[in-house]
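# Examination of the molecular architecture
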Amino acid sequence: MLKFQYCFLAILLFCCFVNSTNYDWSPVDKILQEAIDDKAFPGCTVLIASEEGILHESGYGHFTYGVPPPQNPNTNPKTELSTIFDLASLSKVVSTTSCVMQFYQRGELDLHMPLIDSSLLGPEFDNNDKNKITSWNLLTHTAGFPPDPDPLYDSKDFGCPATSQYTPPEEFTCQSKIWDSLMKQTLQYKTGEKFVYSDLSMITMMQIVGKLAKDYGYITYDQLMGDCAVGNKEDSKELYQCYYEAYARNYVFQKMKMSETGFRPPKALWNRCAPCENDTWYRHEVLQGHVHDENCYAYGGISGHAGVFSKIEDLYLLMNKLMFTTENDPFINSTTVKHFVTIQDAAFSSRALGWDTNYNSIYTACGSLSKKETYCHTGFTGGSLCNDRVRKLIVILLTNRVYPTRKNLKVLAVRNKLATQVQQIFDNN
Ligand SMILES: *[C@@H]1O[C@H](CO)[C@@H](O)[C@H](O)[C@H]1NC(C)=O
Ligand SMILES: *[C@@H]1O[C@H](CO)[C@@H](O)[C@H](O)[C@H]1NC(C)=O
């Protein structure tokens with residue numbers, strides 16, 4: 001009898017202290033396994049977390065639907081928590097916006113200062129009606145830019161030196177051409193008139209981060225990625241791209257101990273990268289380790305709108321910091337987070353600063369999580385980030401839905417279904 005009582009007590013204590021074991025996440029596993037069976041994507045990883053820490057994390061499926069990917073010629077690996085994904089537009093928030101938040105927090109960037117100011121891009125940018133554009137416009141996608149560079153950086157018309165090759169290398173030989181075209185960029189709308197999600201916004205934002213990183217002395221020339229700075233003089237504006245990369249690497253990824261996050265992953269990691277599209281028109285290969293986004297690739301693999309590779313537990317470190325940071329945190333404090341994740345004008349668009357929200361977003365991926373109070377973003381390659389500030393709930397999904405073709409859009413429904421299911425399990429506990 002005494003033994004039985006001790007046992008009972010032990011179980012009671014166990015249940016009290018290991019709270020998260022109360023959740024039954026099997027419906028989540030089922031949604032993701034069914035999505036794979038339905039060929040929404042070959043594989044994915046998911047991570048769900050709250051104040052209690054990580055509640056559930058897992059990998060599902062494989063790198064491909066069967067054919068071994070190029071970097072794993074003898075096998076089709078299982079998709080695991082350690083799998084590295086091409087983040088595509090998640091780079092806009094994970095990297096670019098995090099950098100901007102830091103400069104803002106330290107009072108080194110006035111979001112409402114026109115970019116033509118000499119402390120930012122200067123008179124070179126002052127043409128084709130771009131004199132009113134501010135960082136705030138870039139972060140809310142209201143600068144008036146068209147959605148994409150035109151012509152696209154990878155197009156024959158644009159004429160990057162590498163593009164003439166059948167399998168163009170991912171290199172930095174187009175830096176000056178891209179810088180010039182960005183400075184001369186024309187507008188499709190008047191600044192502030194309309195929300196148009198544009199990669200040009202974040203490509204421009206990256207230049208500002210690079211300039212500030214250099215001017216405030218956070219990054220010196222010797223810290224630049226060797227390939228990026230090749231053949232360019234130290235004071236060349238084209239190198240803002242490289243200063244941006246070095247800043248993100250040193251002040252965001254390394255500070256957050258995101259050990260396998262960055263631009264241009266080293267070759268040693270390629271066999272752990274989920275393969276992307278079978279590109280039959282530009283690079284003529286199944287992408288695995290090289291960035292999928294063509295504009296980013298033509299630019300050398302570093303950009304403000306795409307290019308970051310990461311694994312799910314690295315992303316958790318950042319999302320968890322943003323959710324639970326304090327007022328005194330020099331990395332990014334709670335006042336700064338609030339400023340950047342607050343919807344700016346709900347009648348106008350769903351956007352916060354850099355971040356989107358779950359309030360009628362056209363890129364919705366957070367299902368029934370809180371509306372204005374969830375900040376989020378999606379990536380073209382198939383990932384999504386949702387931070388619900390009311391529930392203090394983090395939902396991260398990474399997929400390689402673009403394998404073998406971008407035409408597969410089934411992930412759109414899966415992302416919302418997943419978030420809604422997570423909300424229900426969480427609330428019913
Ligand atoms: C990629 O596309 C080429 C050309 O259509 C085709 O021959 C090849 O089998 C495809 N590879 C994969 C892995 O889908
Ligand atoms: C937190 O960031 C804000 C800007 O968002 C800044 O004004 C404030 O000084 C920072 N707080 C501390 C304690 O440094």
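Keep in mind that what you see is a predicted model, and the values were worked out from it rather than measured.

### What about the overall build of the protein chain?
Within the protein chain, the regular secondary structure consists of 11 helices and 11 strands. Relative to its length of 429 residues, the protein chain is compact, with a C-alpha radius of gyration of 22 Å against a globular reference of 22 Å. In the protein chain, which comprises 429 residues, the proportion classed as buried is 58%. Just so you have it, the protein chain exposes about 17700 Å², and 53% of that area is on carbon and sulfur atoms. Mean positive and mean negative side-chain charge positions of the protein chain (39 and 47 charges, respectively) differ by 2 Å.

### A closer look at the state of the cysteines
Scanning all chains against the criterion turns up 3 disulfides. Residue C366 pairs covalently with C386 via a disulfide, S to S 2.1 Å. With the S-S bond torsion at -95°, the cross-link from C366 to C386 turns out left-handed. With C366 in the loop between β8 (356–357) and β9 (374–378) and C386 in strand β10 (residues 384–388), this pair connects stretches of sequence that are 20 residues apart. In this pair, the class of C366 matches that of C386, namely buried. In the protein chain, numbering the disulfide-bonded cysteines from first to last in sequence yields the connectivity 1-2, 3-4, 5-6.

### Quick look at the UniProt feature "domain: Beta-lactamase-related" (unreviewed entry) in the protein chain
According to UniProt, the feature "domain: Beta-lactamase-related" (unreviewed entry) maps to residues 28–227 and 244–407 in the numbering used here. Span residues 28–227 is 30% helix and 10% strand, its end C-alpha atoms 42 Å apart. Annotation note: span residues 244–407, helix share 22%, strand share 17%, distance between end C-alpha atoms 32 Å.

### A closer look at the site of ligand 1
Within the structure, ligand 1 sits among N278, T280, V286 and Y403. N278 is positioned with one of its side-chain polar atoms (N or O) 2.4 Å from an oxygen atom of ligand 1. Protein contacts shield 38% of the accessible area of ligand 1, which totals 360 Å² for the unbound molecule.

### Regarding the site of ligand 2
With respect to spatial proximity, the complete set of residues near ligand 2 consists of Y104, Q105, E327, N328, N333, T335 and T336. The contact in question runs from a nitrogen atom of ligand 2 to an N or O atom on the side chain of E327, over 2.9 Å. Between T336 and ligand 2, the recorded distance is 2.8 Å, taken from a side-chain N or O atom to an oxygen atom. A total of 360 Å² of accessible area belongs to ligand 2 in isolation, and the protein chains cover 57% of it. Contributions of two or more residues to the shell around ligand 2 are made by α3 (90–105) and α10 (334–341). Partitioned by chemical class, the residues of the shell around ligand 2 number 1 nonpolar, 5 polar and 1 charged.

### So, the sheet that holds strand β7 (residues 308–310)
Taken in spatial order, the 3 strands of this open sheet run β3-β7-β4, and their pairing is antiparallel. At either end of the open sheet lies a strand with only one pairing partner, and these are β3 (85–86) and β4 (262–263). The pairing of β3 with β7 spans 2 bridges and is antiparallel. Among the inter-strand pairings, D86 is bridged to a residue of β7, identified as F309.

### Observations concerning the pairing of β10
In regular strands, side chains alternate between the two faces of the sheet. Summarising burial for β10: 5 of the 5 residues are buried, a large majority. Alternating residues of β10 divide into S384, C386 and D388 and L385 and N387, and every residue in both groups is buried. Where β10 lies against strand β11 (residues 393–399), 5 bridges are found, and the strand directions are antiparallel. Following the sheet pairing, D388 is matched in β11 by L393. Following β10, the chain reverses through 4 residues before pairing antiparallel with β11; K392 in that reversal takes a positive phi of roughly 55°.

### Some details on the layout of surface pockets
For the largest pocket, the calculated volume is near 710 Å³. For the largest pocket, the lining is made up of 30 residues, of which S89, Y197, D199, F380 and R401 are closest to its centre. The dominant element in the lining of the largest pocket, judged by the number of residues it contributes, is helix α11 (residues 411–427), at 3 residues. In terms of residue class, the lining of the largest pocket is built from 11 nonpolar, 8 polar and 11 charged. Of the residues that make up the lining of the largest pocket, three or more belong to each of domain 1 (24–88 + 311–428) and domain 2 (89–259 + 277–307). What the second largest pocket holds in volume is close to 230 Å³. In terms of lining, the second largest pocket is formed by 16 residues, of which the most central are S259, E260, T261, G262 and P266.

### Here's the deal with α3
The first and last C-alpha atoms of α3 sit 22 Å apart over 16 residues, in line with the 22 Å expected at 1.5 Å per residue. The largest bend along α3 reaches roughly 35° and is located at T97. Burial analysis of α3 places 14 of its 16 residues in the buried class, the great majority of the element. Just downstream of α3, G107 is the residue with a positive phi angle, here 75°.

### Brief notes about the sheet that holds strand β1 (residues 43–50)
The strand order β2-β1-β11-β10-β9-β8 describes an open sheet built from 6 strands, whose pairing is antiparallel. The sheet is open, and its two borders are formed by β2 (53–61) and β8, each paired with just one other strand. Looking at chain direction, β9 and β10 are connected through 5 bridges and run antiparallel. Looking across to β10, one finds that T378 is bridged to S384. The sheet strands contacting helix α2 (residues 26–37) are β1, β2 and β11, and the helix crosses β2 at an angle near 25°.

Rules used in this analysis
- Residues numbered from 1 in each chain as written.
- Chains lettered and ligands numbered in written order.
- Predicted model: local features only at pLDDT ≥ 70, side-chain atom pairs only at ≥ 80, totals over all residues.
- Heavy atoms only, no water.
- Helix = DSSP H or I, 4+ residues; strand = E, 2+ residues; numbered from the N terminus.
- Rg over C-alpha atoms; globule rule 2.2 N^0.38 Å.
- Buried < 20%, exposed > 50% of the residue type's maximum accessible area, 1.4 Å probe, protein only.
- Areas by Shrake-Rupley, 256 points an atom, 1.4 Å probe, with all protein chains shown as cover.
- Lys, Arg positive; Asp, Glu negative; His and termini not counted.
- Charge placed at Lys NZ, Arg CZ, Asp CG, Glu CD.
- Disulfide = S-S within 2.5 Å.
- UniProt positions renumbered as here; feature names shortened; annotations may be inferred.
- Near = heavy atom within 4 Å.
- Polar contact = N/O pair within 3.5 Å; in protein donor to acceptor, adjacent residues only side chain to side chain.
- Nonpolar A, V, L, I, M, F, W, Y, C, P; charged D, E, K, R; others polar.
- Pairing = 2+ DSSP bridges.
- 1 Å grid on protein atoms, 1.4 Å probe; cavity = no way out; pocket = protein on both sides within 12 Å on 5 of 7 lines; lining within 4 Å.
- Points joined across faces, edges and corners; volume = space filled by probe spheres on them.
- Domains from an automatic or database assignment.
- Expected span 1.5 Å × (residues − 1).
- Bend = angle between axes of the 7 residues up to and from the residue.
- Contact = heavy atoms within 4.5 Å.
- Axes fitted to C-alpha atoms, helices over the stretch in contact; angles between N-to-C directions.

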